[in-house]
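So the chains spell out like this:
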Amino acid sequence: MVGENQIKDFAEIDKKEPLYNDAMQINVKDLIKNKDVVTFEDVEFLPSKFGEDKEFAICLVKINGQKATTTIGSGVIVDQLKRNKEQMPFKAKIEEKSGNEGRTYMTLGSAA
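Residues numbered from 1 in each chain as written. Predicted model: local features only at pLDDT ≥ 70, side-chain atom pairs only at ≥ 80, totals over all residues. Heavy atoms only, no water.

1. Some remarks on the overall build of the chain
Then, number 1: The helix and strand tally for the chain stands at 3 helices and 6 strands.
Then, number 2: Taken from N to C terminus, the helices and strands of the chain fall in the order α-β-α-β-β-β-α-β-β.
Then, number 3: In the chain, which comprises 112 residues, the share counted as buried stands at 31%.
Then, number 4: Long-range pairs, those at least 24 residues apart, make up 47% of the contacts in the chain between residues at least 6 apart in sequence. (Helix = DSSP H or I, 4+ residues; strand = E, 2+ residues; numbered from the N terminus. Buried < 20%, exposed > 50% of the residue type's maximum accessible area, 1.4 Å probe, protein only. Contact = heavy atoms within 4.5 Å.)

Structure (structure tokens):
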């Protein structure tokens, strides 16, 4: 049996660094509402809990020179980020557009 003073603390055994731990978090809806120009610096893709074949993106971004993270579940933006990951960093605006039958979707658009 292991003695109490031999039991390791969780921080000693879990060495994985949190994703972008020094950046503030921002809601993607705020980026749309404020029409912010966003510099996408890095992205990680993780499985979504909303479907086996779906993913979401955790993005490291800069807004007005300040680092932030945001999570994006939009399939359109996830696809755009996957296609252009090697081109990072790049600037864009996150836009909400109207689609078929009055539905809206998010997409990346020009920073201009």
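2. A short note on the nonpolar core
Within soluble globular proteins, side chains that are nonpolar tend to cluster in buried spots.
Then, number 1: Grouped together as the largest cluster of nonpolar side chains are 22 residues, with contacts concentrated most on Phe40, Cys59, Leu81, Ile94 and Leu108.
Then, number 2: Broken down by secondary-structure element, the contributors of at least two residues to this core are α2 (28-34), β2 (37-47), β3 (55-63), β4 (66-72), α3 (75-84), β5 (90-98) and β6 (104-109).
Then, number 3: Considering every element that reaches this core, the biggest residue donor is β3, with 4 residues.
Then, number 4: Residues within four places of Ile94 in sequence aside, it is in contact with Val28, Leu31, Ile32, Phe40, Ile72, Ile77, Met106, Thr107 and Leu108. (Core = buried A, V, L, I, M, F, W, Y, C linked by side-chain atoms within 4.5 Å.)

3. Digging into the packing of aromatic side chains
One pair of aromatic rings is described through two measures. These are the centre distance and the angle between the planes.
Then, number 1: All chains considered together, the criterion is met by 1 aromatic pair.
Then, number 2: Positioned above the aromatic ring of Phe45, the side-chain terminus of Lys82 is 5.5 Å from the ring centre. (Phe/Tyr/Trp six-rings, centres within 6.5 Å; stacked < 30°, edge-to-face > 60°. Lys NZ or Arg CZ within 6 Å of the ring centre and 35° of its normal.)

4. As for α3
Then, number 1: Every buried residue of α3 is listed here: Ile77, Val78, Gln80 and Leu81. Looking straight down α3, one finds its buried side chains confined to an arc of 160 degrees; they lie on one side.
Then, number 2: For α3, the elements touching its buried residues are β2, β3, β4, β5 and β6. (Arc of directions from axis to C-beta.)

5. A few points about unusual backbone geometry
Then, number 1: Note that the residue after Met88, namely Pro89, is joined by a cis bond; omega there is 5 degrees.
Then, number 2: Considering the arrangement of structural elements, one finds Pro89 in the loop between α3 and β5.
Then, number 3: Although it is not a glycine, Asn64 sits at a positive phi angle of roughly 55 degrees.
Then, number 4: Here the phi dihedral of Glu101 falls at roughly 55 degrees; this positive angle occurs in a residue that is not glycine.
Then, number 5: Along the chain, Glu101 falls in the loop between β5 and β6.
Then, number 6: Glu101 gets classed as exposed once you look at its relative accessible area, which sits at 79%.

6. Let's talk about the pattern of salt bridges
Then, number 1: Taken as a whole and assessed by the stated rule, the structure comprises 6 salt bridges.
Then, number 2: The partner of Lys33 in a salt bridge is Asp30, and the shortest N-O contact between them spans 3.8 Å. Remark: Asp30 and Lys33 occur in helix α2; sequence separation between them is 3 residues, near one turn of the helix.
Then, number 3: Here Asp42 makes a salt bridge to Lys85, at a shortest N to O gap of 3.3 Å. Linking Asp42 in strand β2 with Lys85 in the loop between α3 and β5, this pair joins segments that are 43 residues apart in sequence.
Then, number 4: The class of Asp42 is partly exposed, set by a relative accessible area of 28%.
Then, number 5: Judged by relative accessible area, which is 30%, Lys85 ranks as partly exposed. (Salt bridge = Lys/Arg side-chain N within 4 Å of Asp/Glu carboxyl O.)

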